[in-house]
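Fold and geometry: a report
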Amino acid sequence: MARITASVYTSHVPAIGAALDLGKSAEPYWQPVFQGYEPSQQWLREHRPDVVFLVYNDHATAFSLELIPTFAIGCAAEFQPADEGWGPRPVPTVVGHPELAAHIAQSVIQEDFDLTIANRMDVDHGLTVPLSLMCGKQDPVQGAWPFRVIPFAVNVVQYPVPSGRRCFQLGQALRRAVESFDEDLNVQVWGTGGMSHQLQGPRAGLINRAWDNAFLDRLIADPAGLAQVPHLDYVREAGSEGIELVMWLIARGAMADVAGAGPAPTVARRFYHVPASNTAVGHLILEDHAG
């Protein structure tokens, strides 16, 4: 059967992708960010999955405010990098896993989660920047991402957005779906977005180091309690875009300890840095220990 072996959590700041694409990763401003992910790239080379279920939010590329699903799963064979206004990022096409994606959709929908099935969807920086951070720079023509990816878009742009509790429950349903898939696959679940940041209004530029690190602490040790945090707390403490952190709870809900199927995960990597284009960059790798 397929199995979930780890979860990865990372911010998906668009300027990080631009810095990498334009050859600025060694500049003093950006170097600490990229150096922070070098141990994670080595970890990924040693723990390469067959499939990554990547939770992210679309930034008005595949969807718009005219039509925006709460949860959308990409079931296509491939996904092209989106043009976000300055041309697509020079990265490889994202290769999907339609069979596993369809199985997850079937299983999760039967557990009463209403997913939108996306058989065609371009993917923006919310998905490609985490891939670049974890995999390093890839040639857009000759290169390829080292695993298949199932994109899972969550609406954290237009209210009402799903609660942390609902995302956490979805992660648990995701684990059951993966474990009921017959093919022997090594699957990782990545939660992306955040951490604290606000891009507009009187609080533009807000970063809350203390709240971010407390979130990481609770994500590791008290995910069920963290899932009960209301939206207002995210917005008040982490800024209007800090609500993206509810997506991390999908990845955390998919871990074995939440299901009572294993001990607490091992923290393989933890990293935090500010600023990166007016955003706090947070990163965590948890290794799963299913019983």
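Look up: the structure comes first, before these words.
Residues numbered from 1 in each chain as written. Predicted model: local features only at pLDDT ≥ 70, side-chain atom pairs only at ≥ 80, totals over all residues. Heavy atoms only, no water.

A word on the overall build of the protein chain
Operational definition: Elements are defined by DSSP. Helices are runs of H or I of four residues or more, strands are runs of E of two residues or more, and each kind is numbered from the N terminus. In this scheme, a residue with accessible area under 20% of its type's maximum is buried, one over 50% is exposed, and one in between is partly exposed, where area comes from a 1.4 Å probe on protein chains only. Note on contacts: a residue pair qualifies if any of its non-hydrogen atoms lie within 4.5 Å across the two residues. For the area figures, the Shrake-Rupley method with a 1.4 Å probe applies, and any residue is considered shielded solely by the protein chains shown. Positive charges are assigned to Lys and Arg, negative charges to Asp and Glu, while His and the chain termini are left out of the count. Charge positions are represented by NZ for Lys, CZ for Arg, CG for Asp and CD for Glu.
When helices and strands are counted, the protein chain shows 9 helices and 10 strands. Considering only C-alpha atoms, the protein chain reaches an extent of 45 × 45 × 40 Å along its principal axes. By the burial criterion, 55% of the 291 residues in the protein chain qualify as buried. For the protein chain, long-range pairs separated by at least 24 residues make up 80% of all intrachain contacts whose partners lie at least 6 apart in sequence. Of the accessible surface of the protein chain, which amounts to about 11900 Å², a share of 51% is contributed by carbon and sulfur atoms. Distance between charge centroids for the protein chain: 5 Å, based on 19 positive and 31 negative side chains.

A short note on helix α1 (residues 14-21)
Stated precisely, the cut-off is as follows: Within this analysis, the arc is defined by the directions that extend from the helix axis to the C-beta atoms.
Burial in α1 covers these residues: I16, G17, A19 and L20. Along the axis of α1, the buried residues cluster in a sector spanning 160 degrees; they form a single face. Against the buried residues of α1 lie α2 (31-46), α4 (125-135) and β10 (281-287).

What to know about the pairing of strand β1 (residues 3-10)
What counts here: Pairing between two strands requires that DSSP report at least two bridges joining them.
Most of β1 is tucked away, with 6 of its 8 residues classed as buried. Taken together, the 7 bridges between β1 and strand β8 (residues 186-192) define a ladder with parallel strand orientation. Its bridge partner lying in β8, Y9 is registered against G191. Sheet topology note: the β1/β10 ladder contains 5 bridges and is antiparallel.

Topic: the pairing of β10
Taken across its 7 residues, β10 has 7 buried, putting it largely inside the fold. Alternating residues of β10 divide into V281, H283, I285 and E287 and G282, L284 and L286, and every residue in both groups is buried. As judged from the 7 bridges shared by strand β9 (residues 266-273) and β10, these two strands associate in the antiparallel manner. Its bridge partner lying in β10, V267 is registered against L286.

Some remarks on the nonpolar core
The test is simple: Side-chain atoms within 4.5 Å are what join buried Ala, Val, Leu, Ile, Met, Phe, Trp, Tyr and Cys residues into a set we call a nonpolar core.
Core analysis: the biggest nonpolar cluster contains 57 residues, and F53, I73, I104, F152, F215 and Y234 have the highest contact counts within it. Considering each element in turn, this core owes the most residues, 7 residues, to helix α5 (residues 164-179). Setting aside anything within four residues of it in sequence, one finds I104 in contact with F53, I73, I109, I150, L174, A177 and V178.

A few points about the packing of α2 against α4
We count it as follows: To get an axis, fit a line to the C-alpha atoms, keeping to the stretch in contact for a helix; angles then go from 0 to 180 degrees between the N-to-C directions. An angle below 35 degrees is read as roughly parallel, one above 145 as roughly antiparallel, one from 65 to 115 as roughly perpendicular, and any other as oblique. In this classification, Asp, Glu, Lys and Arg are treated as charged, Ala, Val, Leu, Ile, Met, Phe, Trp, Tyr, Cys and Pro as nonpolar, and every other residue, Gly included, as polar.
Two elements in contact, α2 and α4, have axes separated by 7 Å at closest approach and are oriented at 75 degrees. When the interaxial angle is binned, α2 and α4 end up roughly perpendicular. Residue-level inspection shows F34, Y37, S40, Q41, W43 and L44 of α2 in contact with α4, the latter providing S132, L133, M134 and C135. Broken down by class, the residue content of the contact of α2 with α4 amounts to 7 nonpolar, 3 polar and no charged.

Things to note about the state of the cysteines
The cut-off we apply is this: Note on disulfides: each one is a pair of cysteine sulfur atoms within 2.5 Å.
Counting across every chain of the model gives 0 disulfides. Considering cysteine sulfurs only, C75 is the nearest to C167, which forms no disulfide, with 18 Å between them. What makes C167 buried here is its relative accessible area of 0%.

Keep in mind these values describe shape, not function.
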